[in-house]
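Chain and residue survey
Residues per chain are reported as follows:
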Amino acid sequence: MIRLSGSSSNMFLKIYKESIMNTANLQLEGLYAAIAGLMNALRDKNLLSQEEIDQALEGVETAMVADPGRPAQLSAAHVDAICFPARFLRLANQTSERGEALSFAQLAAEVGRSKPPR
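Definitions and cut-offs
Residues numbered from 1 in each chain as written. Predicted model: local features only at pLDDT ≥ 70, side-chain atom pairs only at ≥ 80, totals over all residues. Heavy atoms only, no water. Salt bridge = Lys/Arg side-chain N within 4 Å of Asp/Glu carboxyl O. Helix = DSSP H or I, 4+ residues; strand = E, 2+ residues; numbered from the N terminus. Buried < 20%, exposed > 50% of the residue type's maximum accessible area, 1.4 Å probe, protein only. Core = buried A, V, L, I, M, F, W, Y, C linked by side-chain atoms within 4.5 Å. Axes fitted to C-alpha atoms, helices over the stretch in contact; angles between N-to-C directions. Parallel < 35°, antiparallel > 145°, perpendicular 65-115°, else oblique. Contact = heavy atoms within 4.5 Å. Nonpolar A, V, L, I, M, F, W, Y, C, P; charged D, E, K, R; others polar. Phe/Tyr/Trp six-rings, centres within 6.5 Å; stacked < 30°, edge-to-face > 60°.

Now for the pattern of salt bridges. As enumerated under the stated definition, the model contains 7 salt bridges in all. Residue R90 pairs with D54 through a salt bridge whose shortest N-O separation is 2.9 Å. Taken together, the residues span a long stretch of sequence, with R90 in helix α3 (residues 76–97) and D54 in helix α2 (residues 50–66) at a distance of 36 residues. Each member of the pair, R90 as well as D54, is classed as buried. A salt bridge links R87 to E61, with the shortest nitrogen-to-oxygen separation between them at 2.7 Å. With R87 in helix α3 and E61 in helix α2, this pair connects stretches of sequence that are 26 residues apart. Where salt bridges share partners, they join D54, E61, D80, R87 and R90 into one cluster.

In this section: the nonpolar core. Of all hydrophobic cores here, the largest spans 12 residues; its members are Y32, A36, M39, I53, L57, F84, F88, L89, L91, A92, L107 and V111. Within the residue set of this core, elements represented by two or more residues are α1 (6–44), α2, α3 and α4 (104–114).

At a minimum axis separation of 9 Å, α2 and α3 run at an interaxial angle of 170 degrees. It follows that α2 is roughly antiparallel to α3 by the angle criterion. Taken together, the residues of α3 that come into contact with α2 (itself represented by Q50, I53, D54, L57, E58, V60, E61, M64 and V65) are V79, I82, C83, A86, R87, L89, R90, N93, Q94 and E97. The residue inventory of the contact of α2 with α3, partitioned by class, reads 10 nonpolar, 3 polar and 6 charged.

Time to look at the packing of aromatic side chains. Note on aromatic pairs: each is described by the distance of the centres and the angle between the planes. Taken as a whole and judged by the stated rule, the model has 5 aromatic pairs. Residues Y32 and F88 carry aromatic rings whose centres are separated by 5.4 Å and whose planes lie at 35 degrees to one another, so their mutual orientation is tilted. Taken together, the residues span a long stretch of sequence, with Y32 in helix α1 and F88 in helix α3 at a distance of 56 residues. We classify Y32 as buried; its relative accessible area is 9%. Taking the centre distance of 5.0 Å and the plane angle of 40 degrees together, the rings of F88 and F104 count as tilted. Of this pair, F88 sits in helix α3 while F104 sits in helix α4; the two residues are 16 residues apart in sequence, bridging distant segments of the chain. Judged by relative accessible area, F88 falls into the buried class, the value being 3%.

By themselves, these figures tell us nothing about what the structure is for.
In structure tokens, the structure reads:
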């Protein structure tokens, strides 16, 4: 049995936690891509317009920001993190409607640049 102590133990825990977070982030990235694909299919089949999808996602973001059950001590960064999926999907919907094919990283960076001031 290998016993880790001191800085070796801390280093192992840090690497372990980062690998879990990275896997979760990749899973979320895949989920956003899947939802964006479904939004495109709804729009392409004329079941929902680009504007209707945008309004629905805007409503989600508004509800998330105004949630009275959310702890008041959450920082603005935490609220931005909560709103990221709706903002990301809105931007994916808008760029796809314009015929642009942006990567996850490009969309995420643009969401970060264009987030509303709080």
